[in-house]
Amino acid sequence: MEIADDNRPVTPIVIVRTLDNCYPGSRAVLDSITEVLNPRLQSDMRPELYGSDTLQRIEINTAMSFYDDFHCKTNYIIPDEALKLRRSDYDDALLTMFSEEEIEREGLFLRPRYQIGPLRKLTGLIYVTIVFEKSFSFQPAREQKRIMSDYFLTAVSRIARRKNKLRYDFNLLIADFGRVLEWWINL
């Protein structure tokens, strides 16, 4: 089990930005993750109770749609998971939804909502990327936090199902994580 500088075990869940770019409507929420949510996860999660040293940390990366200027924009389109698209299918699928002109003008990219990597045995890390579409950033801040929290919990629940053979109390982890997220939403 990894230990923080203050001799407390390191929280098993941390949330980071893949890029600092985002639409202005999400800036305060992303800053709140860094300044408020992650410190609360460190203080309120109980890694010593969850179990196995095999899983050290789940790192959740937020991939936000953004528009910096005419030449620098990324707007994600999230396909229905039932389509079970492979990466090689993304461009063709996007062309069935939008014209080439719209794709270029709006900076559209098709991406799955969740990308969950393998458990890296040497480090005990699992990397997750959650993708957010443009419309997300136009929701009120509290609604953004609620949506993000749902996505975060979904990702951790999927990991729990995949890694159910680990000696790890995912139920307790998810309960603690949910409690911290609820506090963050209502802050």
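Structure shown above.
Read on for an overview of the structure. Worth saying up front: this structure is predicted, and the values here are computed from it rather than measured. (Residues numbered from 1 in each chain as written. Predicted model: local features only at pLDDT ≥ 70, side-chain atom pairs only at ≥ 80, totals over all residues. Heavy atoms only, no water.)

## Some remarks on the sheet that holds strand β5 (residues 108–110)
Adjacent strands of a sheet form backbone hydrogen bonds with each other and so pair up, either parallel or antiparallel. The three strands are arranged β3-β4-β5 in an open sheet whose pairing can be described as mixed. Each having just a single partner strand, β3 (66–69) and β5 make up the two edges of the open sheet. Averaged over all adjacent pairs, the angle separating strand axes in this sheet is 25°, with direction ignored. As paired elements, β3 and strand β4 (residues 72–77) share three bridges and run antiparallel to each other. Looking at β4, one finds that Asp69 is bridged to Cys72. (Pairing = 2+ DSSP bridges. Helix = DSSP H or I, 4+ residues; strand = E, 2+ residues; numbered from the N terminus. Axes fitted to C-alpha atoms, helices over the stretch in contact; angles between N-to-C directions.)

## Thoughts on helix α5 (residues 170–186)
The periodicity of an α-helix, 3.6 residues per turn, causes residues three or four positions apart to be oriented the same way. With 17 residues, α5 should cover 24 Å at 1.5 Å per step; its first-to-last C-alpha distance of 24 Å lies within 8% of that length. When we look at burial in α5, the residues that qualify are Phe170, Leu173, Asp176, Phe177, Gly178, Val180, Leu181, Trp184 and Ile185. Among the structural elements, β1 (13–17), α1 (24–44), β2 (57–64) and α4 (141–162) are those in contact with the buried residues of α5. Capping of α5 at its N-terminal end is provided by Asp169; its side-chain oxygen lies 3.3 Å from the backbone amide nitrogen of Asn171. (Expected span 1.5 Å × (residues − 1). Buried < 20%, exposed > 50% of the residue type's maximum accessible area, 1.4 Å probe, protein only. Contact = heavy atoms within 4.5 Å. Polar contact = N/O pair within 3.5 Å; in protein donor to acceptor, adjacent residues only side chain to side chain.)

## A closer look at the environment of Pro9
Relative to the helices and strands, Pro9 is located in the segment before β1. For the pair Pro9 and Glu48, spaced 39 residues apart in sequence, the C-alpha separation works out to 6.8 Å.

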